[in-house]
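Analysis of the macromolecular model
Next come the chains, spelled out residue by residue.
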Amino acid sequence: MGARSLWVAGMLAIVLAMSGCGQSDSGHDQASESQDEQAANLIFGTGGTSGVYYPIGGDLKNVFENSDKVDYVQVVSTGASVQNIHNIEDGTNNIAIVMSDVAYDAIHGKKQFEDHPVKIDALAGMYQNVVQIVALDGSDIGSVADLKNKRVGVGKVGSGVEASAKKVLKAAGLTYDDLAKVSHTGYADSVTNMKNGNLDAAFFTSGVPNSSITGLMQNANVHFAKISDDTTDSLLDKYPYFERHQIEAGVEDKYDLDSSVHTVGIRNLLVVPESMDKGLAKALTKRFYNYLGSDNVSVSALKDFDRDTMAEDLVVPVHPGSKKFYKSNASDN
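The rules behind each value
Residues numbered from 1 in each chain as written. Predicted model: local features only at pLDDT ≥ 70, side-chain atom pairs only at ≥ 80, totals over all residues. Heavy atoms only, no water. Buried < 20%, exposed > 50% of the residue type's maximum accessible area, 1.4 Å probe, protein only. Helix = DSSP H or I, 4+ residues; strand = E, 2+ residues; numbered from the N terminus. Pairing = 2+ DSSP bridges. Contact = heavy atoms within 4.5 Å.

1. Looking at the pairing of strand β7 (residues 201-206)
Of all the 6 residues making up β7, 6 are buried; the element is thus mostly covered by neighbouring parts of the structure. Side chains Ala201, Phe203 and Thr205 project from β7 onto one buried face, and the interleaved Ala202, Phe204 and Ser206 project onto a second face that is buried too. Taken together, the 6 bridges between strand β4 (residues 120-136) and β7 define a ladder with antiparallel strand orientation. Bridging from a neighbouring strand, Val134 pairs with Ala202 of β7. Bridging between strand β5 (residues 151-153) and β7 involves 2 bridges; their strand directions are parallel. The residue of β7 that forms the bridge with Gly153 is Ala202.

2. Thoughts on the environment of Ser212
Structurally, Ser212 is set in helix α7 (residues 211-219). In this structure Ser212 comes out as buried when scored by relative accessible area, which is 19%. Ignoring anything within four residues of it in the chain, the contact list for Ser212 reads Tyr187, Val191 and Phe204.

What follows is the structure in structure tokens.
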């Protein structure tokens with residue numbers, strides 16, 4: 001081969017090599033961009049540091065960060081349900097735990113969200129916040145109806161405890177005017193007032209067990225008042241987010257009761273913006289589901305529900321990405 005031919009062949013090789021490099025770099029850049037789009041940084045809205053939402057967020061941080069769709073999860077303490085939904089709306093949070101009643105009001109533009117509905121979807125339903133009515137022995141309080149003319153702690157003004165207490169009382173045909181005393185006390189103050197004999201009963205709406213109730217049971221003779229079938233039916237007819245609940249007897253980590261207690265609960269939800277990427281939502285849901293089936297669950301509340309019911313009977317829409325996971329998971333089993 002002549003010198004000129006060698007020179008042409010060399011130049012052609014260089015051009016082809018440069019072209020190949022260009023394609024490779026371009027492909028790499030596109031892959032990187034695709035990965036960047038998929039690897040999300042999430043801000044997880046929970047609740048107060050002394051509550052259950054916050055440690056759940058801490059657990060799920062590690063679970064979600066193990067997904068190739070997630071780069072980093074920042075868990076933040078918040079004012080819980082209402083603030084979490086507002087934060088999702090304005091983009092401050094990307095995922096949050098909220099109670100079903102607040103989520104229901106949000107998507108329908110009611111109460112704190114009056115005429116301003118918020119577009120959120122659920123990744124999953126979780127454990128229930130159970131309405132627990134604790135009464136002093138000797139108070140003649142066996143059910144909600146017996147709270148008439150009694151001194152009752154109903155939770156702090158504007159709290160979720162007070163909201164559920166009002167609804168339960170109304171379903172039983174009672175208002176605050178029917179009570180001898182209405183005390184807007186939180187858990188700790190309600191316990192103190194009951195131990196001192198200044199309250200006959202108090203509402204606690206939380207997971208089971210509630211540490212304040214456990215402490216009260218160690219220092220006073222108390223029992224749980226039931227919510228009758230009629231009162232429950234009235235609640236469920238009017239408020240779709242209430243669910244029947246029974247605190248089982250003889251369960252050591254659930255007060256070790258002599259007899260079961262019929263009451264109601266409001267499910268907690270894991271929610272995200274309606275606009276969340278379907279692939280990301282599916283990945284988060286899958287990670288959460290698999291985690292619940294492992295031996296690594298450390299927060300007891302997350303052990304208190306059936307993971308195969310996470311998409312059932314929710315009061316907000318299930319995210320399309322989560323639906324895809326639930327559908328594929330059901331077909332695999």
